Amino acid sequence: MSITADLIRGHTDAIILAALMQGDSYGYRINRSMCDLTDGRFELKEATLYTAFRRLEESGYIRSYWGDEATGARRRYYAITPDGRSAYRGMVREWREASELLEKLMRFGSDGDVSGAEQI
Amino acid sequence: MKDRLDAYIQGLFAEAERRSPANRRLAELKEELLLNTREKYDDLVAMGKSPEAAYRVAVDGIGDISELLKAVAGGAVADEAAVDTPAVDTTADGEDADTARPPMAQEPEVSANGANRGGRDGENDDGDDENNEDEDDENDEGEDNENADEEARSGRPPRSRWYALVSGIIWTVILCAYFFVSFETHAWGVTWILFIMGIAADNVAKCIFDLRR
């Protein structure tokens, strides 16, 4: 549980950018989509979400704007920028490389059987 | 119950707003949090949760916003905001009183394996680990906060590390070139112009990094 949370925490920015690759969205909708996608197993705290929004906006990876009230409730929307798309692709590459390495390292101790690692 | 939710969020921001009145960014953050939390509450109720349970889940989902308030409002607001009790009714029952408190510093920021929407299961299983996680969090975000403080003080974004590196390289090269050319040509009266060129090169680098920012 704690390892899972740690792993996920390290990729908060990538997860948010991934959600915004689908289109502009706002805080709750992004969190809700993460929750739905993982069958309720993962959801960011609002504090983490807004801290990440702020960090990503300062980095130029996303931009925000207030939605038109005429289309419904007033919302602060976030949109991914070209720099953000590029950063997202880089993060995905890094993650694939890291997960491939981890997979090999984990299997190393369990003779090809990952579940065996839990018995060590 | 929605009023209670609003009061809880108002309470979270009260100290920061008192310290930093008329802060547009703070007001926008509060509005954003209010709207999103209300929508979450509505969804939870629509999904069949009782108003009380929906309130608990919505409040638990906010987490510890003290660092965020510190970054947005600046100054030492967050330390006090984190321990202030929001103006909210916490007397419904024992468990409610527990969950209606503002989030504690030790509360994990990320919930996984159904810790949030389904309730609070599993959030406190690994107390020691979670404390360590929070320390890590503080370390991770410390640099961001320093940058934010610098930004707040100067009114402009902090210079990047890359600019500092490039600037260092420029001045090292200029200094070496100055001594090399001066000793080779003995034209000490002219070679000082290299420093003017260094200033120009440094400013060009600075402009490039500012534009990129």
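Residues numbered from 1 in each chain as written. Chains lettered and ligands numbered in written order. Predicted model: local features only at pLDDT ≥ 70, side-chain atom pairs only at ≥ 80, totals over all residues. Heavy atoms only, no water.

Now for the pattern of salt bridges. Once the charged atoms of two side chains with opposite charge are near each other, the side chains can pair. Scanning the model with the defined rule gives 17 salt bridges over all chains in all. A salt bridge links Asp43(B) to Arg32(A); the nearest nitrogen and oxygen atoms lie 2.7 Å apart. Of this pair, Asp43(B) sits in helix α2 (residues 24-46) while Arg32(A) sits in helix α3 (residues 27-37), placing the two residues on different chains. Residue Asp43(B) is classed as partly exposed on the basis of its relative accessible area, which comes to 21%. With relative accessibility at 23%, the residue Arg32(A) sits in the partly exposed group. A salt bridge links Arg4(B) to Glu52(B), with the shortest nitrogen-to-oxygen separation between them at 3.1 Å. Residue Arg4(B) is located in helix α1 (residues 2-19), and its partner Glu52(B) is located in helix α3 (residues 51-60); the two are separated by 48 residues in the primary sequence. (Salt bridge = Lys/Arg side-chain N within 4 Å of Asp/Glu carboxyl O. Helix = DSSP H or I, 4+ residues; strand = E, 2+ residues; numbered from the N terminus. Buried < 20%, exposed > 50% of the residue type's maximum accessible area, 1.4 Å probe, protein only.)

In this section: helix α4 (residues 66-73) of chain B. In terms of burial, α4(B) is largely enclosed, as seven of its eight residues are buried. Those residues of α4(B) that fall on the buried side of the exposure criterion are Ser66(B), Leu68(B), Leu69(B), Lys70(B), Ala71(B), Val72(B) and Ala73(B).

Time to look at the environment of Phe53(A). Relative to the helices and strands, Phe53(A) resides in helix α4 (residues 46-58). What makes Phe53(A) buried here is its relative accessible area of 1%. When the C-alpha positions of Phe53(A) and Leu17(A) are compared, they lie 9.6 Å apart, and in sequence the two are 36 residues distant. For Phe53(A), the residues in contact, after removing those within four places along its chain, are Ile16(A), Gly27(A), Ile30(A), Ile62(A), Tyr78(A) and Glu32(B). (Contact = heavy atoms within 4.5 Å.)

We now examine unusual backbone geometry. Leaving glycine out, the prevailing phi sign among residues is negative, and the prevailing peptide bond configuration is trans. All names here are of chain A. Residue aspartate 39 is not a glycine yet carries a positive backbone phi of 55°. By secondary structure assignment, the location of aspartate 39 is in the loop between α3 and β2 (42-44). On the basis of relative accessibility, which here comes to 70%, the residue aspartate 39 falls in the exposed class.

This next bit is on the confidence of the model for chain B. A low pLDDT means the predicted coordinates there should not be read in detail. Residue and element names in this part refer to chain B. When pLDDT is averaged along chain B, the result is 69; 59% of the residues meet or exceed 70. Within chain B, no element has a lower average pLDDT than helix α6 (residues 94-99), which sits at 39, and none a higher one than α3, at 92. Every residue in residues 75-109 scores below 50 in pLDDT, and together they form 78 contacts with partners more than four places removed in sequence or on other chains. Below pLDDT 50 for its whole length, residues 112-157 participates in 79 contacts with residues either more than four positions away or in separate chains. (pLDDT = per-residue confidence, 0-100.)

Residues and elements named next belong to chain B. The grouping of Val190, Trp192, Ile193, Ile196, Met197 and Ile199 at the surface amounts to a nonpolar patch, some 590 Å² of accessible area in total. If you tally residues by element for the nonpolar patch, the top one is helix α10 (residues 193-212), at four residues. Inspection of the secondary structure puts methionine 197 in helix α10. (Patch = residues over 30% accessible without salt bridge, like charges linked within 9 Å, V, L, I, M, F, W, Y side chains within 5 Å. Areas by Shrake-Rupley, 256 points an atom, 1.4 Å probe, with all protein chains shown as cover.)

This next bit is on the sheet that holds strand β3 (residues 62-66) of chain A. Residues and elements named next belong to chain A. The strand order across the open sheet formed by three strands is β1-β4-β3, and the pairing between neighbours is antiparallel. Each having just a single partner strand, β1 (25-26) and β3 make up the two edges of the open sheet. Here β3 runs beside strand β4 (residues 76-80); their pairing, made up of five bridges, is antiparallel. Within the sheet, the bridge partner assigned to isoleucine 62 lies in β4 and is isoleucine 80. (Pairing = 2+ DSSP bridges.)

Moving on, we get to α2(B). Residue and element names in this part refer to chain B. Between its first and last C-alpha, α2 extends 33 Å over 23 residues, near the 33 Å set by a 1.5 Å rise per residue. For α2, the side-chain oxygen to backbone nitrogen distance between the N-cap and arginine 25 is 3.0 Å, and the N-cap itself is asparagine 23. Where α2 terminates, the next one or two residues include glycine 48, which has phi positive at roughly 110°. (Expected span 1.5 Å × (residues − 1). Polar contact = N/O pair within 3.5 Å; in protein donor to acceptor, adjacent residues only side chain to side chain.)

Attention now moves to the confidence of the model for chain A. Residue and element names in this part refer to chain A. Predicted confidence across chain A gives a mean pLDDT of 86, with 86% of residues reaching 70 or more. When mean pLDDT is compared element by element in chain A, β4 scores highest at 95, while helix α1 (residues 2-9) scores lowest at 75. Every residue in residues 116-120 scores below 50 in pLDDT, and together they form three contacts with partners more than four places removed in sequence or on other chains.

Note on placement: Glu28(B) falls in helix α2. If we skip the residues at most four places from it in the chain, Glu28(B) touches Trp66(A) and Arg76(A).

Another aspect to go through is the packing of α3(A) against α4(A). Residues and elements named next belong to chain A. With their axes 11 Å apart at the nearest point, α3 and α4 run at an angle of 120° to one another. The chirality of how α3 crosses α4 is right-handed. On α4, the residues that touch Gly27, Ile30 and Asn31 of α3 are Glu46, Leu49 and Phe53. Here the residues of the contact of α3 with α4 sort into three nonpolar, two polar and one charged. (Axes fitted to C-alpha atoms, helices over the stretch in contact; angles between N-to-C directions. Left-handed = near helix turned anticlockwise from the far one by under 90°. Nonpolar A, V, L, I, M, F, W, Y, C, P; charged D, E, K, R; others polar.)

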